[in-house]
Amino acid sequence: ANYDLTYSYVGSQSIDVGFATATGDIDLLRIETMRAHTITNTLSVDYGLMDNLTINGTFPFVSKFTQGTDYSGTAYGIGDISLGARYQPFVQNPAGPTFTVTGNLSLPTGRSPFDQRIGQNTQTGNGYAQANVGINASQVFDPVVLFGSLSFGAGKSVNNLHQYNRADGSILTGLRPGKTIGFGAGFTYALSYNVSTSVSFQENVTTASRITVIDANNNPVAARSTSMQTGAVMNFGLGLRINPKTTLNLTAGMGLTVDSPDFTLGLNVPLTFSLF
C-alpha cells in the first residue's frame, strides 16, 4: 500500500472587455482572478496476482479551496476511484531495459463539474469515466536509473446534462471528451545508500472536446469544440531511505504551460505488509 499527500496551486487572471454596439467604445473592463488550492490524500493498494502481474486500486480524498472574482468556496469529498493493472511481458535482464505495460480505469465517483454552475470550480472529479493504457521502460546504469513512459487515454461521452451558464443563459447538455496522449522521461541518481534524487518531465496533450448546448429558449445550438490543451510539468524529487522496506519520496513540480498547475508538492509513503 502507498499513501500520497499532494498539494497543487493554480492561479489565473483574465481581462474581460466589452464594447458598445453603436460606437465601438469600451463599456466594460474587468479583471477576473481565480486561485485554486487543492490537497489530495490518496491511498493506493497493490496486490501481486503473479510474478509479472499486479492489480491495484487508488482511492483519493480531495480538499479544494477556490478564490475568485465571482465565487469563493471550499469543497471536500472523494475523488475519482481508479482500478488498474501492471504487466511485465518479458523476464527482467540485468543488462537490458525493463518494460511494464499498464492499464487503468478511472470511475466518476467524485463530484462532477457538470453538477454545478460554471465558474464555481468545486468539483472533486472529472465527471466521466476514463480508460488509460501505457508502457513504461527503465534502464539501470548504476548509480543512475533512466526511465520513460508513453500513454494514451480516452473518456466516455456524457449525455443528459443540464448545466446552466449564467453568462448567456445557455445550458450544457452533452460532452464528448478529447483523447489524451502523454509521454515523459527522467532519471534517478543515488547519492548514497540512503539518499537519492530524481528529475523528470511529463507532458500530456489533449485534443479538443466536443460539447452540445441549447440556448436560453431551449433551441439547439451548433456543436462547439474546446481548444486543445497541453499540460507539462518538470518534477524534482528526493528519496530518503528510512529502513530496508521504507523510503520516503518528496517531490516538487513546476508547471511549464498555462494548462498546468503553477506548482505541486508531494509526499509518498510506502506501507508494506504481508498477509501470509
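As the structure is a prediction and not an experimental result, all values here were calculated from the model. (Residues numbered from 1 in each chain as written. Predicted model: local features only at pLDDT ≥ 70, side-chain atom pairs only at ≥ 80, totals over all residues. Heavy atoms only, no water.)

**Q** What is the right way to look at the overall build of the protein chain in this model?
**A** Scanning the protein chain from terminus to terminus reveals zero helices and 17 strands. With 276 residues in all, the protein chain has 30% of them scored as buried. Within the protein chain, contacts between residues separated by at least 24 positions form 55% of all contacts whose residues are at least 6 apart in sequence. Total accessible area on the protein chain stands at roughly 16,700 Å², and carbon and sulfur atoms take up 60% of it. (Helix = DSSP H or I, 4+ residues; strand = E, 2+ residues; numbered from the N terminus. Buried < 20%, exposed > 50% of the residue type's maximum accessible area, 1.4 Å probe, protein only. Contact = heavy atoms within 4.5 Å. Areas by Shrake-Rupley, 256 points an atom, 1.4 Å probe, with all protein chains shown as cover.)

**Q** I would appreciate a short explanation of the sheet that holds strand β13 (residues 210–214) in the present structure.
**A** Whether parallel or antiparallel, the strands of a sheet pair through hydrogen bonds between backbone atoms. Taken in spatial order, the four strands line up as β9-β10-β13-β14 in an open sheet, and their pairing is antiparallel. Each end of this open sheet is capped by a strand with a single partner; those strands are β9 (163–164) and β14 (220–225). As paired strands, β9 and strand β10 (residues 171–176) are joined by two bridges and run antiparallel to one another. Looking at β10, one finds that Y164 is bridged to I171. (Pairing = 2+ DSSP bridges.)

**Q** What exactly am I supposed to notice about the packing of aromatic side chains here?
**A** Aromatic ring pairs: the centre-centre distance and the angle between the two ring planes describe each pair. Going through the model one piece at a time under the given rule, you end up with three aromatic pairs. Centroid distance Y7 to F263: 5.8 Å. Interplanar angle 50°. Geometry classified as tilted. Of this pair, Y7 sits in strand β1 (residues 2–19) while F263 sits in strand β17 (residues 263–270), placing them 256 residues apart in sequence. Feature note: the residues Y7, Y9 and F263 constitute an aromatic cluster, connected by ring pairs. (Phe/Tyr/Trp six-rings, centres within 6.5 Å; stacked < 30°, edge-to-face > 60°.)

**Q** Looking at this model, I keep getting lost on a nonpolar patch on the surface. Mind explaining?
**A** Taken together, the side chains of Y87, F90, F99, V101, V133, I135, L150, F152, I181 and F183 make up a nonpolar region of the molecular surface, amounting to roughly 890 Å² of accessible area. For the nonpolar patch, the secondary structure elements donating two or more residues are β6 (98–106), β7 (130–141), β8 (144–155) and β11 (180–190). Summarising the element assignment, I135 is placed in strand β7. (Patch = residues over 30% accessible without salt bridge, like charges linked within 9 Å, V, L, I, M, F, W, Y side chains within 5 Å. Salt bridge = Lys/Arg side-chain N within 4 Å of Asp/Glu carboxyl O.)

**Q** How should I be thinking about the pairing of β13 in this particular structure?
**A** As paired strands, β10 and β13 are joined by five bridges and run antiparallel to one another. The residue bridging R176 from the neighbouring strand is R210, located in β13. Note: β13 against β14, four bridges, orientation antiparallel. Pairing of I214 across the sheet is with P220, part of β14. The antiparallel hairpin formed by β13 and β14 contains five residues in its connecting segment, where N218 sits at a positive phi of about 65°.

**Q** Which parts of the structure should I look at to understand the nonpolar core?
**A** Soluble globular proteins: nonpolar side chains tend toward being buried together. Membership of the largest hydrophobic core is limited to eight residues, which are F114, Y128, V158, L161, L172, L175, I211 and V213. Looking at this core, the elements with two or more residues in it are β10 and β13. Residues contacting L161, with those up to four places away along its chain left out, are F114, L172, T173, G174 and L175. (Core = buried A, V, L, I, M, F, W, Y, C linked by side-chain atoms within 4.5 Å.)

**Q** Can you help me understand the confidence of the model for the protein chain in this one?
**A** If pLDDT is low for a region, its predicted coordinates should not be looked at in detail. On average, residues of the protein chain score 84 in pLDDT, and 86% of them reach the 70 mark or higher. Ignoring residues within four places in sequence, the model shows residues 16–21, a span with pLDDT below 50, making 17 contacts including any to other chains. pLDDT under 50 marks residues 23–31. Its contacts with residues more than four places away, or in other chains, come to 24 contacts. (pLDDT = per-residue confidence, 0-100.)

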